[in-house]
Amino acid sequence: MNAAPVSRRARPAKAPLSRDIVIETGLRILDSEGSAALTMRRVAQELDTGAASLYVYVANRDDLMTGMLDHVLAAVPTPTHGDWRERLEALVTSAVDALGRHEGLALVAFARSTGRALGLVEQLLGLLREGGLDPARAAWAVDLLYPHITAAAAERAVYDDTTVSRRLAGLPARSYPNISAAREHLAGDAAARTRWALNALLNGILTTPVEVR
């Protein structure tokens, strides 16, 4: 015996759509299924609607990724404790941690100047200027620091130290003697490597004058 059709009026009402809901849903799919699964159709399926309904709130997948980037960067706290260098390190670390939790967002951050990404640049410039750097050196410093953030986050989103260690351990020492000798350092403590890289950049920035011609 066939079940009687259910009237639309008897079904639970759908939650109203909004840009925020679409972005948060996209982020959940990205984290649970990976960037290849993130399509407008998949987001629409998750929200029990048609893909065309989403275009009221996001223009396309690129706009969705941009919104997801800003959503994630909005959660990066503004450091308030310590001197300018300590706050800069805290800001960079928080940004790397935030972006590194979501596959593909670091590449979006590298390629697009969204509102929150520009806000991050603004904070970096302000801290560098507080540290006594002139405008030219501070600007060029951000040209180094911002790609450092996105590269470190992109690596963290894709690799973990255990996977890299296994890959390096499988390399023949005869063919890769230098990698084999350094493998415990190449794959050890990603957070410590990120901090070291930041300090190496800052030390060079502080001692290298800018020659503007």
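See the structure above.
Each value, and the rule that gives it
- Residues numbered from 1 in each chain as written.
- Predicted model: local features only at pLDDT ≥ 70, side-chain atom pairs only at ≥ 80, totals over all residues.
- Heavy atoms only, no water.
- Helix = DSSP H or I, 4+ residues; strand = E, 2+ residues; numbered from the N terminus.
- Buried < 20%, exposed > 50% of the residue type's maximum accessible area, 1.4 Å probe, protein only.
- Contact = heavy atoms within 4.5 Å.
- Areas by Shrake-Rupley, 256 points an atom, 1.4 Å probe, with all protein chains shown as cover.
- Lys, Arg positive; Asp, Glu negative; His and termini not counted.
- Charge placed at Lys NZ, Arg CZ, Asp CG, Glu CD.
- Expected span 1.5 Å × (residues − 1).
- Salt bridge = Lys/Arg side-chain N within 4 Å of Asp/Glu carboxyl O.
- Axes fitted to C-alpha atoms, helices over the stretch in contact; angles between N-to-C directions.
- Parallel < 35°, antiparallel > 145°, perpendicular 65-115°, else oblique.
- Polar contact = N/O pair within 3.5 Å; in protein donor to acceptor, adjacent residues only side chain to side chain.
- Left-handed = near helix turned anticlockwise from the far one by under 90°.
- Nonpolar A, V, L, I, M, F, W, Y, C, P; charged D, E, K, R; others polar.

**A few points about the overall build of the protein chain**
Across its full length, the protein chain carries 11 helices and 0 strands. Counting from the amino terminus, the protein chain carries its helices and strands in the arrangement α-α-α-α-α-α-α-α-α-α-α. Taken along its principal axes, the extent of the C-alpha atoms in the protein chain is 80 × 50 × 35 Å. Split into buried and exposed, the 213 residues of the protein chain put 31% on the buried side. Here the analysis covers contacts within the protein chain between residues at least 6 apart in sequence; of these, 70% occur between residues at least 24 apart. Summing over all exposed atoms, the protein chain offers an accessible surface of approximately 13,000 Å²; the carbon and sulfur share of this is 54%. Once the 24 positive and 24 negative side-chain charges of the protein chain are each reduced to a mean point, those two points are 7 Å apart.

**Thoughts on helix H1 (residues 19-33)**
Here H1 contains 15 residues, and its C-alpha end-to-end distance of 21 Å stays within 8% of the 21 Å for a straight helix at 1.5 Å per residue. Looking at the packing, one finds that the buried side of H1 touches helix H2 (40-46), helix H3 (51-54), helix H4 (61-73) and helix H6 (105-111). Positioned one or two residues after H1, Gly 34 has a phi angle of 95°, which is positive.

**Section: the pattern of salt bridges**
Under the defined criterion, the tally for this structure stands at 7 salt bridges. Across the salt bridge formed by Asp 63 and Arg 19, the nearest N and O atoms sit 3.1 Å from each other. Within this pair, whereas Asp 63 is found in helix H4, its partner Arg 19 is found in helix H1, the two being separated by 44 residues in sequence. A residue is classified by how much of its surface remains accessible, and Arg 19, at 30% relative accessible area, is partly exposed.

**What to know about the packing of H1 against H4**
Packing of H1 against H4 brings their axes to within 9 Å, and their N-to-C directions diverge by 90°. With respect to H4, the axis of H1 lies roughly perpendicular. Touching Arg 19, Val 22, Ile 23, Glu 24, Gly 26, Leu 27 and Leu 30 of H1 are Asp 63, Leu 64, Gly 67, Met 68, His 71 and Val 72, all from H4.

**Quick word on helix H8 (residues 135-158)**
Given a rise of 1.5 Å per residue, 24 residues ought to cover 34 Å, and the 35 Å separating the end C-alpha atoms of H8 matches this to within 8%. Those residues of H8 not exposed but buried are Arg 137, Ala 138, Ala 141, Val 142, Leu 145, Tyr 146, His 148, Ile 149, Thr 150, Ala 152 and Ala 153. Buried residues along H8 sit against helix H5 (84-100), H6, helix H7 (115-130) and helix H11 (190-207). The N-terminus of H8 is capped by Asp 134, whose side-chain oxygen sits 3.1 Å from the backbone nitrogen of Ala 136.

**Some remarks on the packing of H5 against H8**
It is at 8 Å that the axes of H5 and H8 come closest, and there the two elements cross at 40°. It follows from the interaxial angle that H5 and H8 lie oblique. Where H5 crosses over H8, the two elements pack in a sense that is right-handed. Residues Leu 88, Val 92, Ala 95, Val 96, Asp 97, Leu 99 and Gly 100 of H5 touch H8, and the partners they reach there are Leu 145, His 148, Ile 149, Ala 152, Ala 153, Arg 156 and Ala 157. Here the contact of H5 with H8 is built from residues that sort into 10 nonpolar, 2 polar and 2 charged.

**Re the side chain of His 148**
You can see His 148 is positioned in helix H8. Its relative accessible area of 13% is what places His 148 among the buried residues. When sequence neighbours within four positions are dropped, the list of residues in contact with His 148 reads Val 92, Thr 194, Ala 197, Leu 198 and Leu 201.

**Brief notes about the side chain of Arg 87**
Position of Arg 87 relative to the elements: it lies in helix H5. Those residues in contact with Arg 87 that lie beyond four places of it in its chain are Pro 79, Thr 80, His 81, Gly 82, Leu 127 and Glu 130.

**Some thoughts on unusual backbone geometry**
If you check the backbone angles, Asp 48 has positive phi at about 55° while not being a glycine. Secondary-structure assignment places Asp 48 in the loop between H2 and H3.

**Observations concerning the environment of Arg 174**
Mapped onto the elements, Arg 174 comes out in the loop between helix H9 (161-169) and helix H10 (177-186). When the C-alpha positions of Arg 174 and Arg 41 are compared, they lie 50 Å apart, and in sequence the two are 133 residues distant.

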